[in-house]
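Listed below are the residues making up each chain.
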Amino acid sequence: EKKILVDNLFFYKYLSKATVDDNKHNANDGNLAFSHPKNFNDPFDSNCTLANNIDMSERFRVLCLTKEPVNILMWSYYSENHQGFCFEYFSKDIVNEIKKLEYRGLYIYGDITYSPKRPRQKSSLSHFSFTDLNFYIDAVYTKYLEWQHERESRFVALSDYHNTDFLTISPDINQAYKGCEGTGKDPINSKGETIKTKKIVKDNSASSLIV
């Protein structure tokens, strides 16, 4: 927590135009979800079992973010070919919202390690235990090299008491960015307030994006 706050980090979530236009899941109110790994688009993500082959993914709820608002591939994949949006969140606001969650467990922050090899898949223990913490961290913070363009950071809720697929927090949206192919109105939250928005533009000389 101290490192996050001292570094004054900003985190970003890419969203489709439809999600923002319709304020699905109250995204325009800042809602961010820790999700069950079964909802991931990578079937190898967060795969691990206990020694008795019991699936451990049920213990993970994961919030996936990035530190880059101008990642061309992220705009292409998650924001409808640059027609959607990217919301910016301040690290302190995310941490304060996590502290309000009432689930017992451990909350972990870190950057994804991209590797050509999968981490160890099976624990040496037949029961959930925080003494096996490094095993869980390796499982949920390691992805194949092919995903490295996402430069992903994660907040992970590790607990033996999850009773829902999603844990939702609602930090303030510090800034919204509209894709370089985006058109239409700026995001509006459920209170009818317009979120301040900057347009991403193409830097044709460098084949990149700039704010």
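Anything mentioned here points back to the structure above.
Our subject in this report is the structure included herewith. (Residues numbered from 1 in each chain as written. Predicted model: local features only at pLDDT ≥ 70, side-chain atom pairs only at ≥ 80, totals over all residues. Heavy atoms only, no water.)

Turning next to the pattern of salt bridges. Counting across every chain of the model gives 13 salt bridges. Among the ionic pairs, K100 bridges to E97, the shortest N-O distance being 2.9 Å. Residue K100 and its partner E97 are both found in helix α4 (residues 91–100); the two are separated by three residues, about one turn of the helix. One network of salt bridges, with partners in common, ties together D45, K143, E152 and R154. (Salt bridge = Lys/Arg side-chain N within 4 Å of Asp/Glu carboxyl O. Helix = DSSP H or I, 4+ residues; strand = E, 2+ residues; numbered from the N terminus.)

Taking burial as the measure, the seven residues of strand β8 (residues 152–158) include seven buried ones, the bulk of the element. A two-sided burial pattern is seen for β8, the buried positions comprising E152, R154, V156 and L158 on one face and S153, F155 and A157 on the other. With seven bridges connecting them, strand β3 (residues 60–66) and β8 associate as antiparallel partners. Directly across from T66, in β8, lies its bridge partner E152. Relative to β8, strand β5 (residues 106–111) is paired through six bridges, and the arrangement is antiparallel. In the sheet register, L106 faces β8, and the bridge partner there is L158. (Buried < 20%, exposed > 50% of the residue type's maximum accessible area, 1.4 Å probe, protein only. Pairing = 2+ DSSP bridges.)

Let us now look at the state of the cysteines. This model, assessed by the stated rule, comprises zero disulfides. The closest cysteine sulfur to the non-disulfide-bonded C86 is located on C180, 13 Å from its own sulfur. Judged by its relative accessible area of 0%, C86 is buried. (Disulfide = S-S within 2.5 Å.)

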